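Per-entry structural report
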Amino acid sequence: MLSKNTVKFIKSLHQKKYRSEHRKFFVEGEKSVVEVLSSDFKTDLLIATDSFLDNNHTLISKSELEVIPATQKQLESLGQYQSNDSALAVVRMKDIQEFLPKNEELILALDDVRDPGNLGTIIRIADWYGIKKLALSLQTADFYNPKVIQSTMGSFTRVEFFYADLKELLKSWNLPVYGAFLEGENIHKLSKVEPGVILMGNESKGISQEVEELVTQKITIPAFGSAESLNVAIATAVLCDNFKRLIS
């Protein structure tokens, strides 16, 4: 049975303060919950409709977790989905360690990307293009924000990430850093790039001046119309597509 204390606890996880305190976050929606149950994340609690429990009995039975049946109305009152007829899971955060770049791999670095929807979409884009590592500035949106998790559609289970002072980090890595700017070298005219870091900046201000100093090559996506700029997530997708083409 869904107790008042459980409801209160899950609602507290909407706030970063309590997610950090408890080292837990929640995932909602059928696809994302199935993804997290199939991953190496540790799920502590599953609240789900009878239909979801029946359809995923084998997967659920493999996990050591508390299961509470619920109605669609109860699920919708707990999370952020306007319509959730499947499940919500409470999941433990991973212990994050700074990763070291490997040869021949692309890494995404985000400098002050604050919109949770943009961060979530970028995580999904990284997963699509096989980019496994994201370095996030200290000002970038919280990876475990419910809107971020929702926007990834399960891709958050397949990427590594950590938060860092990007200036110090990029300096220590000594890798090519390709920064996205409105004025830079046309990505369509590059014939070859080396594996390194694709650096994306803030939604309105772009890459900060202090991090810009570490950029080894400024690149841009050519415009064919009159729009002032591209959304950062869309720009990330375009650049990832071109980089994969140029490196392969």
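Scroll up to find the structure this text is about.
Quick summary incoming for the structure in this document. (Residues numbered from 1 in each chain as written. Predicted model: local features only at pLDDT ≥ 70, side-chain atom pairs only at ≥ 80, totals over all residues. Heavy atoms only, no water.)

Some thoughts on the sheet that holds strand β9 (residues 197-200)
- Pairing is parallel across the open sheet formed by 6 strands, whose spatial order is β7-β6-β5-β9-β8-β10. Looking along the sheet, the strands with just one partner apiece sit at the ends: β7 (160-164) and β10 (217-220). Across this sheet, the average inter-strand angle for adjacent strands is 35°, counted without regard to direction.
- As judged from the 5 bridges shared by strand β8 (residues 177-186) and β10, these two strands associate in the parallel manner. Residue pairing across strands places Glu185 opposite Ile219, the latter belonging to β10. (Pairing = 2+ DSSP bridges. Helix = DSSP H or I, 4+ residues; strand = E, 2+ residues; numbered from the N terminus. Axes fitted to C-alpha atoms, helices over the stretch in contact; angles between N-to-C directions.)

Some details on the nonpolar core
- Within the largest apolar cluster, 52 residues are counted, with the highest numbers of intra-cluster contacts made by Phe25, Leu46 and Leu134.
- It is helix α11 (residues 232-247) that provides the largest number of residues to this core, a total of 7 residues.
- Apart from the residues within four sequence positions on either side, Leu134 is in contact with Phe99, Leu108, Ile122, Ile123, Ala126, Val159, Glu160, Phe161 and Phe162.
- If you look at the next biggest cluster of nonpolar residues, it comprises 18 residues, including Ile107, Phe181, Val211 and Val215. (Core = buried A, V, L, I, M, F, W, Y, C linked by side-chain atoms within 4.5 Å. Buried < 20%, exposed > 50% of the residue type's maximum accessible area, 1.4 Å probe, protein only. Contact = heavy atoms within 4.5 Å.)

Some points on unusual backbone geometry
- One non-glycine residue, Arg23, adopts positive backbone phi at about 60°.
- Inspection of the secondary structure assignment puts Arg23 in the loop between α2 (16-22) and β1 (24-28).
- The backbone of Asn174 shows a phi angle near 55°, a positive value even though the residue is not glycine.
- Within the fold, Asn174 resides in the loop between α9 (166-173) and β8.
- Residue classification places Asn174 among the exposed residues on the basis of a relative accessible area of 70%.

A closer look at the packing of aromatic side chains
- The full count for this structure, using the stated rule, is 9 aromatic pairs.
- Aromatic pair Tyr144 and Phe161: ring centres 5.8 Å apart, planes at 75°, arrangement edge-to-face. Here Tyr144 is found in the loop between β6 (133-137) and α8 (146-152), whereas its partner Phe161 is found in strand β7, with 17 residues between them in sequence. With respect to burial, Tyr144 and Phe161 carry one shared label: buried.
- Each ring, one from Phe161 and one from Tyr163, has its centre 6.1 Å from the other, and the planes form 90°; the classification is edge-to-face.
- Taken together, the aromatic side chains of Phe25, Phe41, Phe143, Tyr144, Phe156, Phe161 and Tyr163 make up a single cluster linked through ring pairs.
- Seen from the ring of Phe41, Lys94 lies directly overhead, with NZ or CZ sitting 4.4 Å from the centre. (Phe/Tyr/Trp six-rings, centres within 6.5 Å; stacked < 30°, edge-to-face > 60°. Lys NZ or Arg CZ within 6 Å of the ring centre and 35° of its normal.)

Focus: the pairing of strand β4 (residues 87-92)
- By the criterion of burial, β4 is predominantly enclosed, with 5 of the 6 residues buried.
- In this sheet, β4 lies alongside β1 in antiparallel orientation, the contact comprising 5 bridges. When the sheet's bridge partners are listed, Val27 is paired in β4 with Ala89.
- As judged from the 5 bridges shared by strand β2 (residues 43-48) and β4, these two strands associate in the antiparallel manner. By the bridge assignment, Thr43 is partnered in β4 with Val91.

With respect to the environment of Leu246
- Checked against the element boundaries, Leu246 lands in helix α11.
- On a C-alpha basis, the gap between Leu246 and Leu214 in space is 22 Å, while along the polypeptide they are 32 residues apart.
- Residues in contact with Leu246, not counting those within four places in the same chain, are Ile187, Leu190, Ser191, Lys192 and Val193.

Points about the packing of helix α7 (residues 116-128) against α11
- Running from N to C, α7 and α11 point in directions that differ by 15°, and their axes come no closer than 9 Å. Considering the angle they form, α7 stands roughly parallel to α11. When you trace α7 past α11, the crossing you get is right-handed. The segment α7 lies against α11, with Asn118, Thr121, Ile122 and Ile125 engaging Val232, Ala233, Thr236, Ala237 and Cys240.
- Its residues placed into classes, the contact of α7 with α11 shows 6 nonpolar, 3 polar and no charged. (Parallel < 35°, antiparallel > 145°, perpendicular 65-115°, else oblique. Left-handed = near helix turned anticlockwise from the far one by under 90°. Nonpolar A, V, L, I, M, F, W, Y, C, P; charged D, E, K, R; others polar.)

A few points about helix α1 (residues 4-12)
- For α1, the set of buried residues is Thr6, Ile10 and Ser12. The buried residues of α1 all sit within an arc of 155° when viewed along its axis, so they share a single face. Along α1, exposed side chains directed more than 90 degrees from the buried face belong to Lys4 and Lys8.
- Residues of α1 that are buried sit in contact with α2, β1, β2, β3 (66-69), α6 (72-78) and β4. (Arc of directions from axis to C-beta.)

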